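Breakdown of the fold
Residue strings, one per chain:
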Amino acid sequence: MLIQEIMNAPAITVSPKTSVVDAATIMLDRHVSGLPVVDAGGNIVGIVSEGDFLRRSELQTERKRSWLLEFLTSPGKLADEYVLSHGRNVEEVMTSEVVTIAPNATLTVAVDLMEKHGIKRLPVVVQGKVIGMVCRSDLLRALANMLPKKKVQASDDQIAEAVIAELAHQSWSQNGFIKVSVQNGVVELSGTIFDERERLAAKVAAENVPGVKSVTDQITWIDPYLGVAMPAPSEAV
């Protein structure tokens, strides 16, 4: 799936001269958490988000330090913080270095960028012009639309084959020690694992197979260092 399939377009933008109060009002009225900032030619020059309005003098939430930390903090750093907490226009509080994405990029690229830079939204840009926005909520909406909503009927043999194939495909379970049996749509996992984290992974793998009603865990964990076997939990998972 490509970004252009899930992005919000056209993007709601503001100019560098937009006041902080107007930008905040737009966010509230349009139910968005961030706004691309564009110049008169429509080129992106920054982005302003809710986070830029957290440390404000009006809220009395400016960053406060002990006298010692204040002394050790550079004057330039203190000056930057003063601008953020007292700036009246968007250009004074916005982030100038904007991470953007192309409309033909994949969702994987968007997720990688969001995780790498610790951000929640990406302006979608073509030749410097903002044509849309993609946020974490858009990815969540895409996920909700793609998850199966109807139960699928499948035979026990089909389910068993699918679970075994999925386990064989995963590097963490390719040792082949996890056994699968199915009766009336209920998957029973047995055998042995050498890392306790494989237990939940195997359960998730089985749950994602169409037709599975529930999963029962009968897997035994063996401590690879001590060689001690721990029985499976007594209850189904």
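Use the structure listed above.
No experiment lies behind these values; they were computed from the predicted model shown. (Residues numbered from 1 in each chain as written. Predicted model: local features only at pLDDT ≥ 70, side-chain atom pairs only at ≥ 80, totals over all residues. Heavy atoms only, no water.)

Along the protein chain, the regular secondary structure elements total eight helices and nine strands. Rg of the C-alpha trace for the protein chain: 26 Å, well past the compact-globule value of 18 Å for 237 residues, more than 25% over. In terms of overall dimensions, the protein chain has a C-alpha envelope of 65 × 50 × 30 Å along the principal axes. Across the 237 residues of the protein chain, 33% fall into the buried class. A separation of at least 24 residues holds for 55% of the contacts in the protein chain among residues at least 6 apart in sequence. (Helix = DSSP H or I, 4+ residues; strand = E, 2+ residues; numbered from the N terminus. Rg over C-alpha atoms; globule rule 2.2 N^0.38 Å. Buried < 20%, exposed > 50% of the residue type's maximum accessible area, 1.4 Å probe, protein only. Contact = heavy atoms within 4.5 Å.)

What follows is about helix α5 (residues 107-117). What α5 keeps buried is the set L107, A110, L113 and M114. Buried positions in α5, seen along its axis, are confined to an arc of 125° and lie on one side of it. Along α5, exposed side chains directed more than 90 degrees from the buried face belong to T108, E115 and K116. In this structure, the buried side of α5 is in contact with β3 (121-126), β4 (129-135) and α6 (136-146). (Arc of directions from axis to C-beta.)

For the structure on display, the rule yields 12 salt bridges. Across the pair R199 and E196 runs a salt bridge, and its minimum N-O distance is 2.5 Å. (Salt bridge = Lys/Arg side-chain N within 4 Å of Asp/Glu carboxyl O.)

Glancing now at the packing of aromatic side chains. If you walk through the whole model with that rule in mind, you get one aromatic pair. For the pair F177 and F194, a centre-to-centre distance of 5.8 Å together with 70° between the ring planes defines the contact as edge-to-face. Of the two residues, F177 sits in the loop between α7 (156-169) and β5 (178-183) while F194 sits in the loop between β6 (186-193) and α8 (197-207), which places them 17 residues apart along the sequence. F177 gets classed as partly exposed once you look at its relative accessible area, which sits at 38%. By relative accessible area, which is 35% here, F194 ends up partly exposed. (Phe/Tyr/Trp six-rings, centres within 6.5 Å; stacked < 30°, edge-to-face > 60°.)

Take the side chain of D138 next. Considering the arrangement of structural elements, one finds D138 in helix α6. Looking at D138, its side chain comes within polar contact range of the main-chain nitrogen of C135, at 2.7 Å. Here the side chain of D138 touches R141 through a polar contact of 2.8 Å, side chain to side chain. In contact with D138, not counting residues within four places along its chain, are I6, N8 and M133. (Polar contact = N/O pair within 3.5 Å; in protein donor to acceptor, adjacent residues only side chain to side chain.)

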